[in-house]
Amino acid sequence: MNALVLHGGASNKIELRERVEEFADIAFREGNALESVVKAVVLMEDDPLFNAGTGSNMRLDGSIQMDAAVMIPGNFGGVINIENVKNPVLVARDVMLKSPHLILAGDGAIKFARKMGYEYYDPSTDKAREKRDKIIEKLKNGEIPEYYHPKFFLEFLGDTVGAVARINGKFAAAVSTGGTSLTLRGRVGDSPIPGAGIYCGERGAVVATGIGEEIIKRMLSINVYNRMGEMPLEEICKEELEKFGDVPVGIIAVDENSECAQSNLTMPYAIKKE
Ligand code: ASP
């Protein structure tokens with residue numbers, strides 16, 4: 001059975017679930033694992049209610065740097081800290097399919113995007129500006145300690161987006177994010193790190209959301225992938241999430257015959273099967 005699973009970010013409003021379901025319906029029609037996950041992510045990048053593409057979080061200095069990645073068995077494409085493009089996930093797909101590299105970062109990623117025809121685009125929104133202003137205010141008032149605990153981070157967490165698919169026996173994964181807020185320019189989260197925020201192989205596909213630093217330390221996505229087949233997928237995801245204690249995290253995954261979406265806080269998601 002074909003399946004597509006989407007998430008709109010750990011900590012995002014559960015009311016967005018209907019919208020995510022609509023996006024799943026549209027993306028599923030692509031009828032191809034890679035194209036379906038990419039389409040799903042593009043739809044969420046274009047919606048300012050999600051923290052990816054338009055609507056991405058701002059860094060403390062007011063800049064917007066985005067990370068995105070795609071993965072299929074045996075291949076990967078990612079962009080790190082890309083700026084001023086509308087759809088980072090499309091650039092990530094081009095890195096995988098049209099460049100000799102797997103990951104491009106910073107100004108090199110931007111130059112590559114322009115070469116591939118992606119025009120200048122400003123993804124900033126009032127929502128992102130207001131969120132940053134609130135953080136700056138808190139910093140000025142001394143309400144944020146120098147070394148904060150990730151739990152404290154919660155109100156500044158992003159609403160990163162991701163999708164995994166199993167279509168006609170093929171797996172694919174895609175992810176895109178403006179990163180968590182309260183971060184320095186240049187910070188890189190889990191999303192574009194294979195094995196951490198995304199993984200896809202012959203046995204399935206996994207995408208994570210939540211505090212990127214914690215997800216990288218635990219290599220969440222490849223851990224879930226490596227355990228596929230050991231027990232029901234949902235149980236694996238639950239066990240891996242439990243290891244994070246109260247650090248906000250979410251996972252979506254598909255294996256050969258099941259799919260799951262799990263989070264330890266609200267996470268709008270959709271599971272489309274046919
Ligand atoms: N994992 C993302 C990051 O740390 C944020 C998120 O999932 O909302 O960049």
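The structure this text deals with has already been given above.
Residues numbered from 1 in each chain as written. Predicted model: local features only at pLDDT ≥ 70, side-chain atom pairs only at ≥ 80, totals over all residues. Heavy atoms only, no water.

Trainee: I'd like a rundown of the side chain of Asn-87, residues and numbers included.
Mentor: With respect to the helices and strands, the residue Asn-87 is situated in the loop between strand E3 (75–82) and helix H3 (88–98). Taking relative accessible area as the criterion, Asn-87 reaches 9% and is therefore assigned buried. Contact partners of Asn-87, with chain neighbours within four places excluded, come to Val-42, Glu-45 and Asp-46. (Helix = DSSP H or I, 4+ residues; strand = E, 2+ residues; numbered from the N terminus. Buried < 20%, exposed > 50% of the residue type's maximum accessible area, 1.4 Å probe, protein only. Contact = heavy atoms within 4.5 Å.)

Trainee: Account for the site of the ligand, with residues named and values stated.
Mentor: Surveying the vicinity of the ligand reveals twelve residues, the closest of which are Thr-160, Arg-187, Asp-190, Thr-209 and Gly-210. One of the side-chain nitrogen or oxygen atoms of Asp-190 is found 2.6 Å away from a nitrogen atom of the ligand. Here the shell around the ligand is built from residues that sort into no nonpolar, nine polar and three charged. (Near = heavy atom within 4 Å. Polar contact = N/O pair within 3.5 Å; in protein donor to acceptor, adjacent residues only side chain to side chain. Nonpolar A, V, L, I, M, F, W, Y, C, P; charged D, E, K, R; others polar.)

Trainee: Describe the packing of helix H2 (residues 33–45) against H3, with residues and values.
Mentor: Where H2 contacts H3, the axes come no closer than 8 Å and their chain directions differ by 150°. Compared by their axis directions, H2 and H3 come out roughly antiparallel. Two secondary-structure elements touch here, H2 through Leu-34, Glu-35, Val-38, Val-41, Val-42 and Glu-45 and H3 through Pro-88, Val-89, Leu-90, Arg-93, Met-96 and Leu-97. Across the contact of H2 with H3, the residue classes tally to nine nonpolar, no polar and three charged. (Axes fitted to C-alpha atoms, helices over the stretch in contact; angles between N-to-C directions. Parallel < 35°, antiparallel > 145°, perpendicular 65-115°, else oblique.)

Trainee: I'd like to hear about the sheet that holds strand E8 (residues 204–210), residue by residue, with values.
Mentor: With antiparallel pairing, four strands are arranged side by side in an open sheet as E7-E8-E9-E10. A single partner strand is all that each edge strand has here, and the edge strands are strand E7 (198–201) and strand E10 (259–263). Taken pair by pair, the neighbouring strands of this sheet meet at an average axis angle of 5°, ignoring direction. Bridge count between strand E9 (residues 249–255) and E10: five bridges; the pairing is antiparallel. If you follow Val-254 over to E10, its bridge partner there is Glu-259. (Pairing = 2+ DSSP bridges.)

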